[in-house]
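Residue-level structure breakdown
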Amino acid sequence: MDEITQRNDVQKHDKGLKAQNGLQTVVVREFEPADKKEIQRIFSEGLMEMVVDTAFRGLRHHPESLLLYTAMTVVSYVITMCWWVIGLLPAIVLCGRYFYSRRVIHGYLEHAMSTDIGDIEGFYMKTPDSCLWVAVLGRRVVGVIAAVGQQKSGGAVELQRMSVDWRYRRCGVGVALGRKVVEFAVTRKYSSVVLGTTAYTPAAHQLYQRLGFRCVGVTNGYITPGARCSLLERIFYRVRHHHYRFDVENSKVTSNGSH
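In this convention, every chain numbers its residues from 1, walking through the sequence in written order. Predicted model: local features are reported for residues with pLDDT of at least 70 only, side-chain atom pairs are reported and counted for 80 or more only, and whole-chain, interface and lining totals are derived from all residues. In computing side-chain values, all of the structure's heavy atoms are included and hydrogens and water are not.

1. Digging into the overall build of the protein chain
Worth spelling out the cut-off: In DSSP terms, a helix is any run of H or I states spanning at least four residues, a strand is any run of E spanning at least two, and both are numbered starting from the N terminus. Buried means the residue's accessible area, taken with a 1.4 Å probe over protein chains only, is under 20% of the maximum for its type, while exposed means over 50%, and partly exposed covers the values in between. Each accessible area is a Shrake-Rupley estimate made with a 1.4 Å probe; only the visible protein chains count as cover when residues are assessed.
Each helix and strand in the protein chain was counted, giving 9 helices and 7 strands. Looking at the 259 residues of the protein chain, the share that counts as buried comes to 39%. Element-wise, carbon and sulfur atoms account for 56% of the exposed surface of the protein chain, whose accessible area totals about 15,000 Å².

Given below as structure tokens:
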């Protein structure tokens, strides 16, 4: 029994070492032209995942929308006097939210592809106050993140375009990418790092908090770039924009990236 226990302990120790080695193999480096297609794929897939998140999970966070849909149901019943309307309208609302969420997010994707994600070198790699990095696991690009310095915003660096390949999440990729931007801010003497997100998934917010960011505000009814702002779009698409901030001066991060 002692040999079996010892063997199991050794196996567990080996697995632990492999897990640690797996995390250590995440390398964050600057963008290279050959990375462009993988970056666009990861960014596109990550962005389109937000369609379901926005359309369905986001509904719980907008009581004003729920009140509006309830009012629409009541008015429709009063006008038609048909009970089946009450059963049909929720399905119409969910379909409408999915359709307009997908249209707005796809419009945002097209906007990104025609600007910075379509010309990464021109937008991020030409000046010392901006950069785009990729996370590499083995020989595969598995994540992307960008930083843009904003001297007009009190010396802040804006964290942008953070996305991780869904097959490599929970491997420390997001943390490694986030720390790279913090190191970038420290090295260039910026006072803070800021970011904005419309994600409703708890994992995204937990990642930012783990990195040391704190939520400093929420914009309800945020207008997403690429949105058409039509009446139906306003009814079926509504998001919250969370503002996060990392104070470099109050942190324990040093210029070599240690804590």
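2. Considerations on unusual backbone geometry
Unlike most non-glycine residues, Arg161 shows phi in positive territory, near 55°. Structurally, Arg161 can be placed in strand S4 (residues 156-164). The backbone of Cys229 shows a phi angle near 60°, a positive value even though the residue is not glycine. With respect to the helices and strands, the residue Cys229 is situated in the loop between strand S6 (214-220) and helix H9 (231-236).

3. A closer look at the sheet that holds strand S2 (residues 130-137)
Strand pairing in a sheet relies on backbone hydrogen bonds, with the paired strands running either antiparallel or parallel. What counts, and what does not: Here, a strand pair is defined by DSSP locating no fewer than two bridges between the strands. Working convention: axes come from line fits to C-alpha atoms, limited for helices to the stretch in contact. Angles between N-to-C directions cover 0 to 180 degrees. What makes two residues a contact is simply this: any of their non-hydrogen atoms within 4.5 Å.
With mixed pairing, the 7 strands of this open sheet are ordered in space as S1-S2-S3-S4-S5-S7-S6. Bordering the open sheet on either side are strand S1 (26-30) and S6, each of which pairs with just one other strand. The average angle at which neighbouring strand axes cross in this sheet is 25°, direction not considered. Bridge count between S6 and strand S7 (residues 240-247): 6 bridges; the pairing is antiparallel. When the bridges of S7 are listed, Arg214 appears paired with Arg245. Packing of helix H2 (residues 36-48) onto the sheet brings it into contact with S2, strand S3 (140-150) and S4, and relative to S3 it is tilted by some 85°.

4. Quick notes on the packing of aromatic side chains
Formally: Any pair of Phe, Tyr and Trp rings, taking the six-membered ring for Trp, is counted once the centres come within 6.5 Å. Such a pair is stacked with planes under 30 degrees apart, edge-to-face with planes over 60 apart, and tilted for the rest.
Per the stated rule, a full pass over the model turns up 8 aromatic pairs. Summarising the aromatic geometry, the rings of Trp133 and Phe184 are spaced 5.4 Å apart at their centres and angled 75° between planes, so their arrangement reads as edge-to-face. A residue pair is termed long-range when its members are at least 10 positions apart, and Trp133 in strand S2 and Phe184 in helix H7 (residues 173-187) qualify at 51 residues. Judged on exposure class, the residue Trp133 and its partner Phe184 are both buried. A centroid spacing of 5.4 Å and a plane angle of 55° characterise the contact between Tyr208 and Tyr244, whose relative ring orientation is tilted. Of this pair, Tyr208 sits in helix H8 (residues 202-210) while Tyr244 sits in strand S7, and the two are 36 residues apart along the sequence.

5. Some remarks on the confidence of the model for the protein chain
Using the following cut-off: Per-residue confidence from the prediction method is given by pLDDT, with values spanning 0 to 100.
In the predicted model, the protein chain carries a mean pLDDT of 84, and the fraction of residues at 70 or more is 86%. Confidence scores differ between elements of the protein chain, with helix H1 (residues 2-24) showing the lowest mean pLDDT of 35 and H2 the highest of 97.

6. A closer look at the pattern of salt bridges
Side chains bearing opposite charge may pair, as long as their charged atoms lie close to each other. We apply this condition: Any carboxyl oxygen of Asp or Glu within 4 Å of a side-chain nitrogen of Lys or Arg constitutes a salt bridge here.
The tally for this structure, following the rule as stated, stands at 14 salt bridges. Put simply, Arg41 and Asp165 hold a salt bridge, and the shortest N to O gap is 2.8 Å. With a gap of 124 residues between them, Arg41 in helix H2 and Asp165 in the loop between S4 and H7 connect regions that are remote in the sequence. Of the residues examined, Asp165 reaches a relative accessible area of 1% and is grouped as buried. One salt bridge in this structure joins Arg167 and Asp165, with 2.9 Å as the shortest N-O distance. Look at Arg167 and you get partly exposed, because its relative accessible area is 40%. Sharing partners across several salt bridges, the network here consists of Glu38, Arg41, Glu45, Asp165 and Arg167.

7. Describing H8
Formally: For this quantity, the arc is that covered by the directions from the helix axis to the C-beta atoms.
Residues Ala204, His205, Leu207 and Tyr208 constitute the buried set of H8. Buried positions in H8, seen along its axis, are confined to an arc of 155° and lie on one side of it. Turned more than 90 degrees away from the buried face of H8, the exposed residues are Gln206 and Arg210. The inward-facing, buried residues of H8 abut S4, H7, strand S5 (192-197) and S7.

8. Section: the pairing of S3
Strand direction decides the pairing type here: S2 and S3, joined by 8 bridges, are antiparallel. Looking across to S3, one finds that Trp133 is bridged to Ile145. The hairpin turn running from S2 into S3, its antiparallel successor, is 2 residues long, and Gly138 in that turn takes a positive phi close to 70°. Bridge count for S3 against S4 is 7 bridges, and the pairing is antiparallel. If you follow Val144 over to S4, its bridge partner there is Ser163.

9. Some thoughts on the environment of Phe31
Inspection of the secondary structure assignment puts Phe31 in the loop between S1 and H2. For the pair Phe31 and Glu121, spaced 90 residues apart in sequence, the C-alpha to C-alpha distance is 8.2 Å. With residues near it in sequence (within four places) discarded, Phe31 still touches Lys36, Ile39, Ile120, Glu121, Met125, Leu132 and Trp133.

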